[in-house]
Amino acid sequence: MTMTNKIDISMYTRYIWGLDFSSPEDALRHFSNKGVHYADIVDGELEEVPLHRYCSYLSEANMEPGALVTMCNIAHFSKSERIKNIATVKGYIDRMEKFGIEVLMLSPMINLAKNPEEFCQLRDIMIESFGKITHYAKSSGITVAIENRSDLTRPDSKTEDVRFILDNVPDLKLVFDTGNFFCVNEDVLSAYQKLSDKIARVHVKDWKTDPFGTFVREYIPRFNGVALGDGEIPLKELIALLKRDRYSGKAVIEIDASQVTSEMLGKSADFLRQELEV
C-alpha cells in the first residue's frame, strides 16, 4: 500500500440513473457535496453512455473518474473467446490513458467450475490472462486489480485462493470487497490482514441477515444490502486498520443495485466521512 494518510471516497456511476434527480450532473453534484469526489464506471454502461460523456458529467460535478470496471470474461475456457475479450480490455486501457483513469478493475463474468479439476484449470487461465493484462497496462502506469468475488465455484473468492492468484501475478493488485468476503464465510478482518500488502482499493459494503434477503450464501437467500454502518460487517474496525496502515486508495461505497436509494448513499457517505475523518 502507498503510505499516506488520505483516503478518498468513491461510488459507482451506475447508481445515478435510478435516483430521483433531474439529471446525472445533479445526482453527482449532490454526492460531491457530501464528500464523494470520485466515481467508478462499469464497462457495461458504456454501451449507453460513452466514456467521454461520463467523464464530462463527473467534471461538471467537480468529481473525477476513479476506476474503470470490466466484466469481460478474459478467463473464458474457450481460447478464441479469451483472445477476443483480452483485446477488448486492452482497448479499455488505451482509452483510460486518454482520460486519466488510473485503475482498471477486473471482475470477469467467468464460466463457473463444476468440479475441482475445472476449478484449478480456471484458476490457471485467470493467472495467465491477468498476467497479459498487467503486462500491457504497465507501460501506461495503470494499476490493474482483481475484485474478490462471492461464489465458491470461482477461484477468486476465498482468501487463500485470492492470495494464490496475486502471488502468481506480481503486478496484480486487489480490490478488497468487504461484502463478498462476508458472503463466503470469511472473517473480513482476518482476510484484510492476509491481503493488505496487495490492496489498491476497498469496496465498502454492509449486509444485514435476512432470511428473505436478495443476496445468497450457498444458494440460500441470506442478506439485504444496507447503508454502511447499519449492517453486520465490522466496518469501523476495518477502517481503523486502514488508517493504522496508512492506506491511501479509494473507499468505494457499494450497495446492492436493486436496493440502493439516494438516502442510503448519503448515509453511507456520511458514515465514511466520519470514520475517515475527512
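Residues numbered from 1 in each chain as written. Predicted model: local features only at pLDDT ≥ 70, side-chain atom pairs only at ≥ 80, totals over all residues. Heavy atoms only, no water.

Around the barrel, 8 strands lie side by side as β1-β2-β3-β4-β5-β6-β7-β11; this closed barrel has parallel pairing. Neighbour to neighbour, the strand axes of the sheet diverge by 30° on average, direction disregarded. As paired strands, strand β1 (residues 8–12) and strand β2 (residues 36–42) are joined by 4 bridges and run parallel to one another. The partner of Met-11 across the bridge, within β2, is Ala-39. Running at roughly 155° to strand β11 (residues 250–253), helix α9 (residues 262–276) makes contact with β1, β2, β7 (199–204) and β11 of the sheet. (Pairing = 2+ DSSP bridges. Helix = DSSP H or I, 4+ residues; strand = E, 2+ residues; numbered from the N terminus. Axes fitted to C-alpha atoms, helices over the stretch in contact; angles between N-to-C directions. Contact = heavy atoms within 4.5 Å.)

Right, let's get into unusual backbone geometry. Although it is not a glycine, Asn-62 sits at a positive phi angle of roughly 60°. By secondary structure assignment, the location of Asn-62 is in the loop between α2 (51–60) and β3 (64–70). Positive phi, close to 60°, is recorded for Asn-185, a residue that is not glycine. When you line up the elements, Asn-185 lands in the loop between α6 (178–183) and α7 (188–195).

For Asp-171, the position within the fold is in the loop between α5 (159–168) and β6 (173–177). The class for Asp-171 is partly exposed, based on a relative accessible area of 38%. Distance from Asp-171 to Ala-137, taken between C-alpha atoms, is 9.8 Å for residues 34 residues apart in sequence. With sequence-adjacent residues up to four places away left out, Asp-171 is seen in contact with Thr-134, Lys-138 and Val-144. A polar contact of 3.4 Å, which involves the side chain of Asp-171, links it to the side chain of Lys-138. (Buried < 20%, exposed > 50% of the residue type's maximum accessible area, 1.4 Å probe, protein only. Polar contact = N/O pair within 3.5 Å; in protein donor to acceptor, adjacent residues only side chain to side chain.)

It is worth spelling out the nonpolar core at this point. Grouped together as the largest cluster of nonpolar side chains are 90 residues, with contacts concentrated most on Leu-104, Phe-176 and Leu-272. Here this core gets 7 residues from one element, more than from any other, and that element is helix α4 (residues 116–138). Once residues lying within four places of it in the same chain are set aside, the contact partners of Phe-176 are Asn-148, Phe-181, Val-188, Ala-191, Tyr-192, Ile-199, Arg-201, Val-202, His-203 and Leu-238. (Core = buried A, V, L, I, M, F, W, Y, C linked by side-chain atoms within 4.5 Å.)

Among the 6 residues that make up β7, 6 are buried, leaving the element largely enclosed by the rest of the structure. Pairing geometry for β6 and β7, over 4 bridges, is parallel. Note that in β7 the partner of Leu-174 across the bridge is Ile-199. Across 4 bridges, β7 lies against β11 in parallel orientation. Each residue of the ladder has a partner; that of Arg-201, found in β11, is Lys-250.

The next subject is the pairing of strand β5 (residues 143–147). Where burial is concerned, most of β5 is hidden: 4 out of the 5 residues are buried. Here strand β4 (residues 103–106) pairs with β5 via 4 bridges, running parallel. Paired with Leu-106 across the bridge in β5 is Ile-146. For the segment spanning β4, α4 and β5, crossover handedness is right-handed. As paired elements, β5 and β6 share 3 bridges and run parallel to each other. In the strand pairing of β6, Glu-147 is matched with Val-175. (Right-handed = clockwise from strand over helix to strand, strands pointing away.)

At a minimum axis distance of 10 Å, the contact between α7 and helix α8 (residues 235–244) shows a crossing angle of 20°. Taken as axis vectors, α7 and α8 run roughly parallel relative to one another. The handedness of the crossing between α7 and α8 comes out as right-handed. Along the contact surface, α7 presents Leu-189, Tyr-192 and Gln-193, while α8 presents Glu-237, Leu-238, Leu-241, Leu-242 and Arg-244. Residue composition of the contact of α7 with α8, by class: 5 nonpolar, 1 polar and 2 charged. (Parallel < 35°, antiparallel > 145°, perpendicular 65-115°, else oblique. Left-handed = near helix turned anticlockwise from the far one by under 90°. Nonpolar A, V, L, I, M, F, W, Y, C, P; charged D, E, K, R; others polar.)

Attention now goes to the environment of Ala-61. When you line up the elements, Ala-61 lands in the loop between α2 and β3. Sequence separation between Ala-61 and Cys-72 is 11 residues, and the spatial gap between their C-alpha atoms is 29 Å. Ignoring sequence-local partners within four residues, the contact set of Ala-61 consists of Glu-25, Leu-28, Arg-29 and Ser-32.

Looking now at the packing of aromatic side chains. Tallying each qualifying case throughout the model produces 9 aromatic pairs. For the ring pair Trp-17 and Tyr-57, a centre distance of 6.3 Å and an interplane angle of 65° mean the geometry is edge-to-face. One end of the pair, Trp-17, is in the loop between β1 and α1 (24–32); the other, Tyr-57, is in helix α2, and 40 residues separate them in sequence. According to the relative accessible area criterion, Tyr-57 is buried, its value standing at 13%. Pairing Phe-21 with Phe-31 gives two aromatic rings, centres 6.0 Å apart and planes at 65°, and the pair type is edge-to-face. Of the two residues, Phe-21 is situated in the loop between β1 and α1 and Phe-31 in helix α1; the sequence distance between them amounts to 10 residues. Classification of Phe-21 by relative accessible area gives partly exposed; the value is 25%. By relative accessible area, Phe-31 is classed as buried at 1%. Every member of this aromatic cluster is reached through a ring pair, and the members are Trp-17, Tyr-54 and Tyr-57. Across from the ring centre of Tyr-12, 4.1 Å away, lies the NZ or CZ of Arg-14, which sits over that ring. The ring of Tyr-38 carries Lys-250 above its face, with NZ or CZ at 4.2 Å from the centroid. (Phe/Tyr/Trp six-rings, centres within 6.5 Å; stacked < 30°, edge-to-face > 60°. Lys NZ or Arg CZ within 6 Å of the ring centre and 35° of its normal.)

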